[in-house]
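Here is how the chains run, residue by residue.
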Amino acid sequence: MAEQERIKRQRTERTSTPATGEVTVDSSKGEQLKADLDELLDEIDEVLEENAEEFVHNFVQKGGQ
Amino acid sequence: MGGPGSDSIVASSIIVNAYAQGARARISWDFEGENPGLDARAQADRTAFAPLVETHLANTVLTNGARLYVDHAHPEYSSPECRTPLEGLLFDVAGEEVMRRAQRVANETLREPDAVMLYKNNSDGKGNSYGCHENYLVRRDVPFDDVVRAMVAHLVSRQIIVGAGKVGAETDDALASGATYQLSQRAEFFEEVVGLETTMKRPIVNTRDEPHADVDRFRRLHVIIGDANMSQIATLVKLGSTALLLAVLEDEGVSVFPALPRNPVRALRHYALDPDLRVTEPDEDGRTRTAWDYQDALWQLAERYVARGGGSVVSDDPAQVHMILTQWREMLDGVLDDPASVADRIDWVAKRRLVEGYRARYSLAPTDARLRAIALQYHDLRPEKSLALRAGLREILDPTTVREAVHKPPTTTRAFFRGECVARYPDAVTAANWDSLVFDLGHGPLRRVPMMDPRRGTAALTQDLLEKCETADALLTALDG
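Numbering of residues begins from 1 in every chain and follows the order in which that chain's sequence is written. The lettering of chains begins at A and the numbering of ligands begins at 1, in the order of writing. Confidence filtering applies because this is a predicted model: local features only for residues at pLDDT of at least 70, side-chain atom pairs given and counted only at 80 or more, and all residues used for totals across whole chains, interfaces and linings. Note that water and hydrogens are dropped before the side-chain values are worked out from all heavy atoms of the structure.

Chemist: Would you mind going over the sheet that holds strand β4 (residues 74–78) of chain B with me for this structure?
Modeler: Whether parallel or antiparallel, the strands of a sheet pair through hydrogen bonds between backbone atoms. Residue and element names in this part refer to chain B. The pairing criterion is simple: DSSP has to find at least two bridges between the two strands. Secondary structure elements follow DSSP: runs of H or I no shorter than four residues count as helices, runs of E no shorter than two count as strands, and numbering proceeds from the N terminus. Ordered in space as β2-β3-β4, the three strands form an open sheet in which the pairing is antiparallel. Both edges of this open sheet fall to β2 (59–61) and β4, since each of them pairs with a single strand only. If you compare each strand with its neighbour and ignore which way they point, the axes differ by 20° on average. Any two residues whose heavy atoms approach within 4.5 Å at even a single point are treated as in contact. Axes here refer to lines fitted to C-alpha atoms; in helices the fit is confined to the stretch in contact. Angles between the N-to-C directions go from 0 to 180 degrees. Relative to β4, helix α2 (residues 85–109) is tilted by about 145°, and along the sheet it contacts β3 (67–71) and β4.

Laid out in structure tokens, this is it:
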């Protein structure tokens, strides 16, 4: 069988970089992070698994590359 | 993954099948031509075990061109082939969403304590590790020994910016060091510089010579040492820096690269154990270098290459190449001078900030289970539990684009043809591999369509044809023409 590419018409390659519009990042956020730590720790208290010992103990994932 | 009392293989199958039912019928994997035992080195280590090819476990191919399957005892998402690091990031994050949806569907029928929980991490804290593998297309005419010489320094040192962080240690040497925090999830599990194996005696450079493409033109560098990142920018820089350095190797040769560490395995592990980034290791020329020194030298190599006009092989979009270099540089400078400034980009710094903050607040011992729980929950895929989501990591992808990428393939590689065929002719695509699709037309023999060049099968080359062919029969007839 012919390779599927062989019969295609050549034309200008469309390039798709779906997120390049998002290349700008502001650098002020690092500063803000420092102030947010306390709030973050409160949030951890809210969502952290209740029995940490058992939670950590039960997480076993054998057989991996 | 977790699920108290559950068998990992069964739970993994439930995840894969849950997603397959929600979308398309299961498509099997075509193992013809798979040869994970082939070694890229001329003089291979004949005592090494070839990886097992598991043909019986749950498998499917997604409309975005990815493969979702059970590997050993975990569910694995292999993203579609991407043209650029930014696309690689997009389809990595789309994979998180795939897993999240599979988990949701699976848990509609499973109740505590059998509910399945998924974590995007690389070790279970008990000595079991599993990789987040990267694959890079490399020209075949680059000698493999040069790939090793060029890449070892990067692979042992990049963890200072793309390591995912770990509380404690799991292997004898790291435990003996008394480590309370490591930069990388994977580093302590590596024992060799070069080798074929992936589950034991893990090598810094894996020699699996299975390009899933035309073997005369391409290599596939199978990087097994990386951590799975929760930070989008870390994933981008991990893929982008490695791809740029491989492009430097292809175009300028191995001689421009810095001398290797004299003992790469020791360097990898020592660097991992040192969050202060002060540890030095001797290189082959007798100089001593920190991991940061290596990264600084490698960044300069890549930056000069781009300044001379290189980089289009990594992305046709100069803005993307610029972003990779800029972020790589900012992460390097930040991690050395002011780690807090890059806690929004570097996973090990972000995770350590949570762990250290919590430890200080409650005056906990460094071995406290709550700190390990925080480290594990950082990688939890459930939004209501994920600590990475709460850690203030910068997102650079548009969530709408991510949702699209769950279903739509990249347009820039052969994954487009694979994903579109799965979407358009779900009943006819019976099996797939990276380099072929197998059609069952309901009459005559099965038909295999080879795709030996990952850079073809793109939207530009195949979309018109696909739109003209309403059935797989029509497609195959057109391909025969």
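Here the narrative resumes.
Chemist: Hey, could you run me through helix α11 (residues 369–377) of chain B in this one?
Modeler: At 3.6 residues per turn, the α-helix brings residues three or four places apart onto the same side. Only protein chains enter the accessibility calculation, which uses a 1.4 Å probe. A residue is then buried if its area is under 20% of the maximum for its type, exposed if over 50%, and partly exposed in between. Of all nine residues making up α11(B), seven are buried, and the element is well covered by its neighbours. Buried within α11(B) are the following residues: Ala369(B), Leu371(B), Ala373(B), Ile374(B), Ala375(B), Leu376(B) and Gln377(B).

Chemist: Sorry, what's going on with the confidence of the model for chain B here?
Modeler: As a general rule, the predicted coordinates of low-pLDDT regions are not to be interpreted in detail. Scored by pLDDT, chain B has a mean of 93; 95% of the residues are at 70 or more. Both scores are given for the predicted complex: the pTM is 0.91, the ipTM 0.85. Per-residue confidence from the prediction method is given by pLDDT, with values spanning 0 to 100.

Chemist: So what exactly am I meant to see when it comes to the packing of helix α3 (residues 144–157) of chain B against helix α8 (residues 291–307) of chain B here?
Modeler: Two measures define how a pair of helices packs: the angle their axes make with one another and the distance between the axes. Residues and elements named next belong to chain B. The N-to-C vectors of α3 and α8 enclose an angle of 130°; their axes lie 9 Å apart at closest approach. With respect to α8, the element α3 is oriented oblique. Of the two possible hands of crossing, α3 and α8 adopt the one that is left-handed. Residues Ala153, His154 and Ser157 of α3 pack against Ala291, Tyr294, Gln295 and Leu298 of α8. Reported orientations rely on four angle classes, namely roughly parallel under 35 degrees, roughly antiparallel over 145, roughly perpendicular from 65 to 115, and oblique for the rest. Note: crossing handedness is left-handed where the near helix turns anticlockwise from the far helix by less than a right angle, and right-handed where it turns clockwise.

Chemist: So what exactly am I meant to see when it comes to the domain arrangement of chain B here?
Modeler: Quoted interface sizes are often the accessible area lost when the parts come together. Residue and element names in this part refer to chain B. When cut into domains, chain B gives domain 1 (8–404) and domain 2 (411–480). Between the C-alpha centres of domain 1 and domain 2 the distance comes to 30 Å. Each partner contributes residues to the interface: domain 1 has 25 residues there, and domain 2 has 24 residues. A 1.4 Å probe defines the accessible area here, and the buried area is the portion of it lost by two parts on being joined, summed over both. In total, about 2100 Å² of surface goes out of reach between domain 1 and domain 2, with carbon and sulfur atoms giving 57% of it. On the domain 1 side of the contact with domain 2, Asp30, Glu81 and His212 bury the most area, a combined 30% of that side's loss. Throughout, the edges of the domains are those of an automatic or database domain assignment.

Chemist: Looking at this structure, I do not really get the nonpolar core. What am I missing?
Modeler: One broad trend across soluble globular proteins is that nonpolar side chains are buried collectively. Residues and elements named next belong to chain B. By convention a nonpolar core is built from buried Ala, Val, Leu, Ile, Met, Phe, Trp, Tyr and Cys residues, the set being connected through side-chain atoms within 4.5 Å. Counting residues in each nonpolar core, the largest one holds 130 residues, and the members touching the most others are Tyr77, Ile161, Leu221, Trp328, Val335, Ile374 and Tyr378. It is helix α6 (residues 232–252) that contributes the most residues to this core, twelve residues altogether. Apart from residues no more than four positions distant in its own chain, valine 335 is found in contact with Ile160, Ile161, Leu277, Trp292, Val342, Ile346, Trp348 and Val349. Judged by nonpolar contacts, the second largest core, of 25 residues, contains Val61, Phe416, Cys469 and Ala472.

Chemist: So what exactly am I meant to see when it comes to the pattern of salt bridges here?
Modeler: Two side chains bearing opposite charge may form a pair once their charged atoms approach each other closely. The rule for a salt bridge is simple: a side-chain nitrogen of Lys or Arg has to be within 4 Å of a carboxyl oxygen of Asp or Glu. Applying the stated criterion to the full structure yields 42 salt bridges over all chains. Across the pair Lys385(B) and Glu49(A) runs a salt bridge whose closest N-O atoms are separated by 3.8 Å. With one member in each of two chains, Lys385(B) in the loop between α11 and α12 (399–407) and Glu49(A) in the loop between α1 (29–47) and α2 (52–58) form a pair that bridges those chains. The same class applies to Lys385(B) and to Glu49(A), which are both buried. Here Asp141(B) makes a salt bridge to Arg139(B), at a shortest N to O gap of 3.1 Å. A relative accessible area of 34% places Arg139(B) in the partly exposed class. Taken together, the shared-partner salt bridges in this structure form one network comprising Asp92(B), Glu96(B), Glu97(B), Arg100(B), Arg101(B) and Lys120(B).

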